[in-house]
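Descriptive structure summary
What follows is each chain in one-letter form.
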Amino acid sequence: MFIFTKQLQIVLTNPFSKNEDDDGLIGISITKDLLVAATNAIETNLTLLGPLILPLSEKNLFLKNIIMRRIFGVENIEKYVPNFARIDHFLPHVGGLAVLNQLQRKLRFSDLAMEASKITLKRFGNTSTSSIWYELAYSEAKGRIKKGDKIWQMAYGSGFKCSSVIWRTIRNVDSNDLKNPWNEERDAFANLNLDNSETSYDYFEPPKST
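Residues numbered from 1 in each chain as written. Predicted model: local features only at pLDDT ≥ 70, side-chain atom pairs only at ≥ 80, totals over all residues. Heavy atoms only, no water.

Turning our eyes to something else, we now look at the environment of R86. By the element assignment, R86 lies in the loop between α2 (56-71) and β5 (89-92). R86 sits 33 residues away from I53 along the chain, and the two C-alpha atoms are 9.0 Å apart. Excluding residues that lie within four positions of it along the chain, R86 makes contacts with P55, S57 and E58. (Helix = DSSP H or I, 4+ residues; strand = E, 2+ residues; numbered from the N terminus. Contact = heavy atoms within 4.5 Å.)

Here it is, written out as structure tokens:
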């Protein structure tokens, strides 16, 4: 029960290919360009999405940063990443804990904001793009979806593609809906120990050439 949607899809160099091996078996090859393609796709998606959802104060800070770096050539200023945490609910593609941790760090989301995605990963694993709907159902079961809330779902996959959709809730969602897949187990998973200490490659920095 939502209104107002905006979908952005970015397609970049394809790091995936279908190949046949020496035994005649067909499989999928993934090149080392995957992380670079993923980084570019997500950054481009955020760049297009930002002007549509960020408040004026964040837009001004972002513009000021660009002017200082590109027009005045100030080299010691890092690229400014807007504060996307003003979105009420962030439900990203559950691709793995390392990726979720990097998204949380880069976009400045709290542990509570990332709970739905990390609990979904813990319970169902990587279910690809469908994971964003498990996350939404989790948030509904916890009674967190209220009238007027903005919900940001982000998914990505081969291509490389990155898509975002923003929903605005038009009513409070009943947390006791018997059709919700989390209805009987939401409390059991609410206190799971989510290990945020997993060491990982920085998925949002292209690998350095050697």
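Okay, back to it.
Relative to the assigned elements, S164 resides in strand β7 (residues 161-169). Side-chain polar atoms of S164 contact the side chain of N45, separated by 2.6 Å. At 3.1 Å, the side chain of S164 forms a polar contact with the side chain of W152. (Polar contact = N/O pair within 3.5 Å; in protein donor to acceptor, adjacent residues only side chain to side chain.)

A grouping of E20, D21, D22 and D23 is seen on the molecular surface, where their side chains present a negatively charged patch. As for its placement among the helices and strands, D23 is situated in the loop between β3 (16-20) and β4 (26-30). (Patch = residues over 30% accessible without salt bridge, like charges linked within 9 Å, V, L, I, M, F, W, Y side chains within 5 Å. Areas by Shrake-Rupley, 256 points an atom, 1.4 Å probe, with all protein chains shown as cover. Salt bridge = Lys/Arg side-chain N within 4 Å of Asp/Glu carboxyl O. Lys, Arg positive; Asp, Glu negative; His and termini not counted. Charge placed at Lys NZ, Arg CZ, Asp CG, Glu CD.)

Before going further, it helps to examine the side chain of E135. Positionally, E135 belongs in helix α5 (residues 131-141). R144 provides the closest opposite charge to the buried, salt-bridge-free E135, at an N-O distance of 10 Å. Every residue in contact with E135, bar those within four places of it in the chain, is listed here: L91, P92, H93, V94, A116, S117 and T120. (Buried < 20%, exposed > 50% of the residue type's maximum accessible area, 1.4 Å probe, protein only.)

Another point: unusual backbone geometry. For residues other than glycine, phi is negative in most cases, and the peptide bonds are mostly trans. One non-glycine residue, R108, adopts positive backbone phi at about 65°. Among the secondary structure elements, R108 is positioned in the loop between α3 (97-107) and α4 (111-124). Here R108 falls in the partly exposed class, since its relative accessible area comes to 41%. A positive phi angle, near 60°, is found at S128, a position not held by glycine.

Evaluated as defined, the whole model comprises 1 salt bridge. Among the salt bridges present, the one from E115 reaches R144, with a minimum N-O distance of 2.9 Å. Note that E115 is positioned in helix α4 and R144 in the loop between α5 and β6 (150-157), a separation of 29 residues in sequence. For R144, a relative accessible area of 25% puts it in the partly exposed group.

A word on the packing of α4 against α5. Interaxial distance between α4 and α5 falls to 9 Å at its minimum, and their mutual angle equals 115°. In this structure, the crossing between α4 and α5 has a hand that is right-handed. Across from E115, A116, S117, I119, T120 and F124 in α4, the residues of α5 making contact are S131, Y134, E135, Y138 and S139. Taken together, the residues of the contact of α4 with α5 sort by class into 5 nonpolar, 4 polar and 2 charged. (Axes fitted to C-alpha atoms, helices over the stretch in contact; angles between N-to-C directions. Left-handed = near helix turned anticlockwise from the far one by under 90°. Nonpolar A, V, L, I, M, F, W, Y, C, P; charged D, E, K, R; others polar.)

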